Amino acid sequence: MIVGIDATNLNEGGGLTHLVEILSNVNIEKHNISKVVIWGREKTLSQIHNFSWLKKISPKQLTRNLFSRLLWQKYKLSLSAKENNCDLIFSPGSIFLSNFRPFVTMSQNMLPFESNEAKKYGLSLKGIRLIILRQIQSHTFKSSQGVIFLTNYAKERVIKVLGQISSSTAIIPHGVSPRFCIPPKEQFDKSEYSFSSPFKILYVSIIDHYKHQWNVVEAVAKLRKEGYPVVVNFFGLSYLPAKKRLEKCISKFDANGEWAKYHGSAPYLELHNIYNDANLGVFASSCENLPIILLEKMASGLPIACSEKGPMPEILGNNGTYFNPEEPDEIYHSMKKIIDNVQLRSDYSNASFEKAQNYTWDACALETFLFLEEVFVNYRKSA
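I will try to describe carefully the structure that is included in this document. Everything quoted here is computed from the prediction, not taken from an experiment.

1. Regarding the sheet that holds strand β4 (residues 88-91)
In a beta sheet, neighbouring strands are held together by backbone hydrogen bonds and run either parallel or antiparallel to one another. Within the open sheet, the seven strands sit side by side as β3-β2-β1-β4-β5-β6-β7. Their pairing is parallel. Across the chains shown, the open sheet's two edge strands, defined by having one partner strand only, are β3 (54-57) and β7 (168-171). Neighbour-to-neighbour, the strand axes of this sheet turn through a mean angle of 20 degrees, independent of strand direction. With respect to the sheet, helix α6 (residues 125-143) is in contact with β5 (103-106) and β6 (146-149), its orientation differing from that of β5 by roughly 135 degrees.

2. Describing helix α1 (residues 13-25)
Given a rise of 1.5 Å per residue, 13 residues ought to cover 18 Å, and the 18 Å separating the end C-alpha atoms of α1 matches this to within 8%. Every buried residue of α1 is listed here: Gly15, Leu16, His18, Leu19, Val20, Glu21, Ile22 and Leu23. Buried residues along α1 sit in contact with β1 (2-6), β2 (35-39), α2 (42-45), β4, β5 and α15 (361-382).

3. A look at the environment of Met298
By the secondary structure assignment, Met298 is in helix α11 (residues 292-299). Taking C-alpha positions, Met298 is 30 Å from Phe90, a pair spaced 208 residues apart along the chain. If we ignore the near neighbours within four places in the chain, the residues touching Met298 are Ile304, Ile315, Leu316, Ser352, Phe353, Lys355 and Ala356.

4. Concerning the packing of aromatic side chains
Counted by the stated rule, this structure contains ten aromatic pairs. Look at Phe141 and Phe149: their rings are 6.5 Å apart centre to centre, the planes differ by 55 degrees, and that puts the pair in the tilted class. By relative accessible area, Phe141 is classed as buried at 0%. Grouping aromatic residues by their ring pairs yields a cluster made of Phe113, Phe141 and Phe149. Positioned over the ring face of Tyr268 is Arg179, at 4.6 Å from the centre of the ring.

5. Quick notes on α11
Here α11 lies mainly inside the structure; seven of its eight residues are buried. Within α11, the full set of buried residues consists of Ile293, Leu294, Leu295, Glu296, Lys297, Met298 and Ala299. Against β8 (199-204), α10 (271-276), β11 (280-283), β12 (304-307), α12 (312-316) and α14 (342-356) lie the buried residues of α11. Of the residues one or two after α11, Gly301 is the one with positive phi, at around 75 degrees.

6. What about the sheet that holds strand β9 (residues 230-235)?
One open sheet holds the six strands; their spatial order is β10-β9-β8-β11-β12-β13, and the pairing between them is parallel. A single partner strand is all that each edge strand has here, and the edge strands are β10 (260-262) and β13 (321-323). The mean angle between the axes of side-by-side strands here comes to 20 degrees, regardless of whether they run parallel or antiparallel. Where β8 lies against β9, six bridges are found, and the strand directions are parallel. Residue Lys200 lies in a different strand from β9, and its bridge partner there is Val231. With respect to the sheet, helix α13 (residues 328-340) is in contact with β8, β9, β11, β12 and β13, its orientation differing from that of β13 by roughly 170 degrees.

7. Digging into the environment of Glu156
Along the polypeptide, Glu156 turns up in helix α7 (residues 152-162). For Glu156, a relative accessible area of 56% puts it in the exposed group.

8. Some points on the side chain of Asp254
Of note, Asp254 is situated in the loop between α9 (240-253) and β10. The side chain of Asp254 is buried and forms no salt bridge, while Lys261, the nearest opposite charge, is found at 5.8 Å. Separated by 2.9 Å, the side chain of Asp254 and the backbone nitrogen of Glu258 make a polar contact. Of note is the side chain of Asp254, whose polar atom sits 2.8 Å from the backbone nitrogen of Trp259. Every residue in contact with Asp254, bar those within four places of it in the chain, is listed here: Trp259 and Ala260.

Conventions used here
Residues numbered from 1 in each chain as written. Predicted model: local features only at pLDDT ≥ 70, side-chain atom pairs only at ≥ 80, totals over all residues. Heavy atoms only, no water. Pairing = 2+ DSSP bridges. Helix = DSSP H or I, 4+ residues; strand = E, 2+ residues; numbered from the N terminus. Axes fitted to C-alpha atoms, helices over the stretch in contact; angles between N-to-C directions. Contact = heavy atoms within 4.5 Å. Expected span 1.5 Å × (residues − 1). Buried < 20%, exposed > 50% of the residue type's maximum accessible area, 1.4 Å probe, protein only. Phe/Tyr/Trp six-rings, centres within 6.5 Å; stacked < 30°, edge-to-face > 60°. Lys NZ or Arg CZ within 6 Å of the ring centre and 35° of its normal. Lys, Arg positive; Asp, Glu negative; His and termini not counted. Salt bridge = Lys/Arg side-chain N within 4 Å of Asp/Glu carboxyl O. Polar contact = N/O pair within 3.5 Å; in protein donor to acceptor, adjacent residues only side chain to side chain.

Okay, here's the thing in structure tokens:
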């Protein structure tokens, strides 16, 4: 069996990380697969290791604009797949316009399928883009022979929007890089911290409407007002309107820039050190498919105060405190409960660390390629 991988719309972020990791961790000898062919831009393909069984193809059309890439996918991908004797194409980017069959896709972006979250963008360019993505991804899922979901929550939400789909489905979560697996640190009573040596709260994520960083700032401000020696650090890329909202909130509650800081994007290879420097992880998102950042914080041995929305309880389980991310008072109480109780901090840290060990790229790679084989066999039987 020869598998093609359509990476034409993968440039950066979690989608690219997923692709790099499954190709790096798959044991191809465990599968009935002799060759993998991958199409993508040179920049994308350069981040993927070379293997004897992997062939990389980078057509010049993929270096141009989005419209050019979509045209190539629609009219040229199928021809290239047939020239390379591909039996199935895996398109993890959720957009597949080619007429090649069979193909398997993956649901990685929940925003197009969460109407209440998408409405926050109004008729902005991003809001219009989400409407278009919902239509294209819905078509892709319905016309596919297989769909991989990352969580039960994501599968239920997408199918609720689409109605039943005839495709085979599988739930295959992403993994966590071993460098994030840092055993929990010793926990100290809050009396051990001071304003000169503060308790550090960390929130890593893109600054965006559905991430609610400003509510976290307000919650931390309340802790500070009550005398808690806490600071909060934000890392991540930013969506400009949300970034402005965060900066305005920081100016309101921390005018002198003493305890609430936005550091911009952190290099991915440095993230484990950033987690290791923190005392408490907070995750206040209201829309996720599988929050890899939450997994990373769990693997890093951090106690976690977490949003109750989306798949977060499915991932974290009973190993943290929960809050409504749109209610600063709930975020405040959730963090306060952890800070006040050193034993609870220790229990949460150890339990979530252990739970995170279940999420490995080895397992993700194995299950993904087994599913591709299964879909191909079923397609051949039904042909």
